[in-house]
Amino acid sequence: IGKLGKGKIQIPTHRDINRTRNVPVKEGIVHVGVGGFHRAHLAVYVDQLMEKHGETDYAICGVGLQPFDAGMRDVLREQDHLYTVMERSDKGSFAHVVGCINSYLFAPDNRKAVIDKMAHPDTRIVSLTITESGYYYNENTHELISDHPDIEADLKNVNAPSTTFGFLYAALAQRYRNKQDPFTVMSCDNMQKNGSITRNMLVSFARLHNPTIADWIAEKGAFPNAMVDRITPQTSQNDKDTLAKEFGIEDAWPVVTEPFMQWVIEDQFSNERPEFEKVGVQVVKNVHDVEQFEKHKLRLLNGSHSAIGYPGQLAGFKYVHEVMNNPQLRKLVWEMMQEEVKPHLPDIPGVNIDDYCKTLMKRFSNSTIMDQLPRVCLNASGKIPQFIMPSIAEAIMASKEEKRDYPFRRLCFVAASWFLYIRGVDDHGAKFAVVDPMLDELLAAAGDGTGPHGLLQIKSLFGDDLRGYKRFTDEMEKAMKDISEKGVLETLKEYFPEDA
Ligand code: NAD
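The paragraphs below set out a description of the structure included in this document. (Residues numbered from 1 in each chain as written. Predicted model: local features only at pLDDT ≥ 70, side-chain atom pairs only at ≥ 80, totals over all residues. Heavy atoms only, no water.)

### Points about the sheet that holds strand 11 (residues 226–229)
The strands making up a sheet associate through hydrogen bonds between their backbones, and the pairing can be parallel or antiparallel. Strand order in the open sheet formed by 3 strands is 11-13-14, with mixed pairing between adjacent strands. The sheet is open, and its two edges are formed by strand 11 and strand 14 (282–284), each paired on a single side. Here the average twist between neighbouring strands, direction ignored, is 15°. Bridging between strand 13 (residues 262–266) and strand 14 involves 3 bridges; their strand directions are parallel. Its bridge partner being in strand 14, I265 is matched across the sheet by V283. (Pairing = 2+ DSSP bridges. Helix = DSSP H or I, 4+ residues; strand = E, 2+ residues; numbered from the N terminus. Axes fitted to C-alpha atoms, helices over the stretch in contact; angles between N-to-C directions.)

### Overview of the side chain of N302
Relative to the helices and strands, N302 resides in helix 11 (residues 287–314). Those residues in contact with N302, other than ones at most four positions away along the chain, are N190, K297 and F387. (Contact = heavy atoms within 4.5 Å.)

### A word on the environment of R175
Mapped onto the secondary structure, R175 falls in helix 7 (residues 164–177). Residues R175 and D426, spaced 251 residues apart in sequence, show a C-alpha to C-alpha distance of 52 Å. Excluding residues within four positions of it along the chain, R175 makes contact with M118, A119, H120, P121, T123, Q180, D181, P182, F183 and W216. Polar side-chain contacts of R175 include one of 3.2 Å to the backbone oxygen of H120. There is a polar contact of 2.7 Å between the side chain of R175 and the backbone oxygen of D181. (Polar contact = N/O pair within 3.5 Å; in protein donor to acceptor, adjacent residues only side chain to side chain.)

### Focus on the site of the ligand
Close to the ligand lie 22 residues; G36, F37, D69, D189 and T232 are nearest. At 2.8 Å from an oxygen atom of the ligand is found a main-chain nitrogen or oxygen belonging to F37. In the model, an oxygen atom of the ligand is placed 2.9 Å from a nitrogen or oxygen of the N190 main chain. Coverage of the ligand by the protein amounts to 83% of the 820 Å² it exposes when considered alone. The cavity where the ligand resides is the largest pocket. Each residue belonging to the shell around the ligand can be placed in one class, and the counts come to 7 nonpolar, 10 polar and 5 charged. (Near = heavy atom within 4 Å. Areas by Shrake-Rupley, 256 points an atom, 1.4 Å probe, with all protein chains shown as cover. 1 Å grid on protein atoms, 1.4 Å probe; cavity = no way out; pocket = protein on both sides within 12 Å on 5 of 7 lines; lining within 4 Å. Sits in = over half its atoms within 2 Å of the grid points. Nonpolar A, V, L, I, M, F, W, Y, C, P; charged D, E, K, R; others polar.)

Here it is, written out as structure tokens:
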């Protein structure tokens, strides 16, 4: 980091102390996908363990698999792998320099180095933030998309992989041959049952290459499920300027985030693990507990992000807090959580859902972090089926069982907004970029884009059940028609009047 100024900055001392005293720090964690979220979440917990509790066995070796990760490689190399986390809220800003990333490997430079690093005996955990699309997971069949060209290529050439599962498999096969224990694979991505999905995808991949190794991974491997939370926008030039101006730190790629952070993880590790509890992580024995927390978070936080993102972008907004300042959209988010999502959520002892929702409304309204709508809209085909559709499906199921109509109109409004959003044109005719690995398929299925039926045919996203439920398809059809004709804000005024 170029210049460290004075003021409210915390600088890690653990590196200097360890270097001065010649304490050998082990890289016990290899992390794939060193983006904003990892640097604001897991890396911060690990840094606190090193700084406050003298942990030296779990420094992080970052790994980038994607060609665009060359940027992160260069910045971290230039800054001795240090970077700044700036927490911002209406209470002010606080900056701290994180020093737990010890090294960084860019896979396209040297694939073997990444495999060897994961297979190294010091490596206890390989953690992931590779986005939902990095899992090659078919939502509908719950299976690995084994005919995906990336997966087929990795299976043909297991010693020079390009996908996460290719690398995990190659490294685990090496450990198997060396008679070492497997490392724990710790997903920190936003997916319900992220650990179980990771396990299933990896074991399926392995089975297509070597069933003996697949059995060994299935038996000895560990894949904790986890709920992760900290809103972390993409870093902007403005963030870098603010850091330089307010704190005198010149950092080529800082992270800006909110003060709130949460991590609930299942205590399932294949060998030793850091004492995450010491830094406020909720380590729970029972996988069921994680699932409940995950369900709350994905349906309420991520579901609301969808309710902010797609209608917000169609209405012409740019930032999350701007959407929250609009009375109609704010009402949509609050009422969707309260009236349509909450009734289908489990009670968690010690958690008050109303307080959780109120805190979310405050977090979404944080204008200082400038959270971009394009970020929350990214890769919707991996999001809507997890964050919105399950609430609709459960409302339909409960309606059938209890013979009364549970509401899901707001949820449909959000899904319909996404169906229109993929065209990349807002209510004022302005164009915007749509980033989704399935975009071509979505546009082809949408046809002329006036109704939901084409898109609802995509089984891998929507399954078979919802299409046959008329109250749902009618709601979707009406919402798409009304939003197309009148725009998001007018339609909301009509559907959910202020005094209703
Ligand atoms: P980012 O764009 O800053 O970083 C994404 C990282 O994922 C990059 O390092 C990239 O190389 C890697 N990646 C992307 N596709 C990959 C693939 N196919 N294989 C391997 N690596 C791949 O994004 P981010 O904000 O760090 O978010 C990453 C993930 O973290 C999200 O998709 C989500 O699951 C999780 N998450 C993010 C937030 C947040 O607020 N940003 C909050 C909770 C969870």
